[in-house]
Amino acid sequence: MNRKYRKTIIAGNWKMNKTLSETKAFADEIKPQLGKHKWCEVVLCVPFVNIPAAVRMFKDTRVAIGAENVHFENSGAFTGEVTAEMLKEVGVKYVIIGHSERREYYGETDFTVNKKIKAALAAGLHPIVCVGESLEQRELGVTAELINYQVKCALAGLDATQMRKVVIAYEPLWAIGTGKTATAEQANEVCEIIRSIIRREFGARVARAVTIQYGGSMNAKNAAELLAQPDVDGGLIGGAALKVPDFLQIIAAANQE
Ligand code: 13P
């Protein structure tokens, strides 16, 4: 974290978990315990159907609600999809774009990711853009090249003002849902690479201001060490964001004085 230059963001990615009643139970449990979390923004990215209710449940808190996906067109014959404008109107602030599960199971590419980022920004949403390498790619030694390619494609055509609204999440595929976390050094190394790409493309001031999260088996135990790294500005958290005590501990780790 570097609180002087950029926002720390702790974001839960609930994926395809929690019904409406389970969402309410989570809100009822966490709200009295949230505290001020003055050093970080807290975000919950929840399934589409639960978004309007989640926005209402958290409206008297500083927790922002996010979506897990968005379509890049403004309207049209795209059965099952949702536009950025629809999300904005129901109170969404952030939207995850290009999660590896979307890339793997739903055919998202670096080019659709780019289009989705532009659509989200045009609607006034903050994209949380996911990039990351597989285990094979890491073992082949092509992590830096791959990240460079993914980040450049994702951010192509954005200007500096737009870039300041984008959050990047480094999520190594081998660490997602596996319980196998990247070491703090590995996480920081790739977050630093991402920042250097942004520096090259958008300049030093923008690079310094962009929030870069780590995601992949971040939990109550390892969060403090990961967040202590200078280029890790928060977390995108799956499993541990489904449990109130774990998520609270991660928020607490981001708020250590
Ligand atoms: P886990 O925290 O469950 O590994 O998931 C990480 C993730 O994919 C967040 O987007």
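Cut-off values and rules
- Residues numbered from 1 in each chain as written.
- Predicted model: local features only at pLDDT ≥ 70, side-chain atom pairs only at ≥ 80, totals over all residues.
- Heavy atoms only, no water.
- Phe/Tyr/Trp six-rings, centres within 6.5 Å; stacked < 30°, edge-to-face > 60°.
- Buried < 20%, exposed > 50% of the residue type's maximum accessible area, 1.4 Å probe, protein only.
- Lys NZ or Arg CZ within 6 Å of the ring centre and 35° of its normal.
- Near = heavy atom within 4 Å.
- Polar contact = N/O pair within 3.5 Å; in protein donor to acceptor, adjacent residues only side chain to side chain.
- Areas by Shrake-Rupley, 256 points an atom, 1.4 Å probe, with all protein chains shown as cover.
- Nonpolar A, V, L, I, M, F, W, Y, C, P; charged D, E, K, R; others polar.
- Pairing = 2+ DSSP bridges.
- Helix = DSSP H or I, 4+ residues; strand = E, 2+ residues; numbered from the N terminus.
- Axes fitted to C-alpha atoms, helices over the stretch in contact; angles between N-to-C directions.
- Contact = heavy atoms within 4.5 Å.
- Arc of directions from axis to C-beta.

## Points about the packing of aromatic side chains
Right, so step 1: Scanning all chains against the criterion turns up three aromatic pairs.
Right, so step 2: Geometrically, the ring pair formed by Tyr105 and Tyr106 is edge-to-face, given 6.3 Å between the ring centres and 85 degrees between the ring planes.
Right, so step 3: In this structure Tyr105 comes out as exposed when scored by relative accessible area, which is 54%.
Right, so step 4: When its relative accessible area of 54% is taken as the criterion, Tyr106 is described as exposed.
Right, so step 5: The ring of Trp14 is capped by Lys18, whose NZ or CZ atom sits 5.4 Å from the centre of that ring.
Right, so step 6: For Lys115, the ring lying beneath its charged end belongs to Phe72, and the centroid distance is 4.3 Å.

## Observations regarding the site of the ligand
Right, so step 1: With respect to spatial proximity, 13 residues lie near the ligand, and among them Lys15, His99, Gly177, Ser217 and Gly239 are the closest.
Right, so step 2: In this structure, Gly238 approaches the ligand through a main-chain N or O atom, which is 2.9 Å from an oxygen atom.
Right, so step 3: Within the backbone of Gly239, one N or O atom sits 2.8 Å away from an oxygen atom of the ligand.
Right, so step 4: If the ligand stood free it would expose 310 Å²; the protein chains cover 94% of that surface.
Right, so step 5: Here the shell around the ligand is built from residues that sort into four nonpolar, seven polar and two charged.

## Details of the sheet that holds strand β6 (residues 167-170)
Right, so step 1: The strand order around the closed barrel built from eight strands is β1-β2-β3-β4-β5-β6-β7-β8, with neighbouring strands paired in parallel fashion. Ignoring strand direction, the axes of neighbouring strands in this sheet form an average angle of 25 degrees.
Right, so step 2: Sheet topology note: the strand β3 (residues 63-67)/strand β4 (residues 94-97) ladder contains two bridges and is parallel. Bridged to Ala67 within β4 is Val95.
Right, so step 3: Helix α7 (residues 143-155) contacts β5 (126-131) and β6 of the sheet and is inclined by roughly 155 degrees relative to β5.

## Focus on the environment of Gly98
Right, so step 1: The topology assignment puts Gly98 in the loop between β4 and α4 (100-105).
Right, so step 2: Sequence separation between Gly98 and Val70 is 28 residues, and the spatial gap between their C-alpha atoms is 9.7 Å.
Right, so step 3: Filtering out sequence-adjacent residues up to four positions away, Gly98 remains in contact with Arg103, Glu108, Val113 and Cys130.

## Considering helix α1 (residues 20-30)
Right, so step 1: Thr23, Phe26, Ala27 and Ile30 are the residues of α1 that are buried. What you see down the axis of α1 is that its buried residues fit within an arc of 95 degrees, all on one side.
Right, so step 2: Check the buried side of α1 and you find it contacts β2 (40-45), α2 (51-57) and α12 (244-254).

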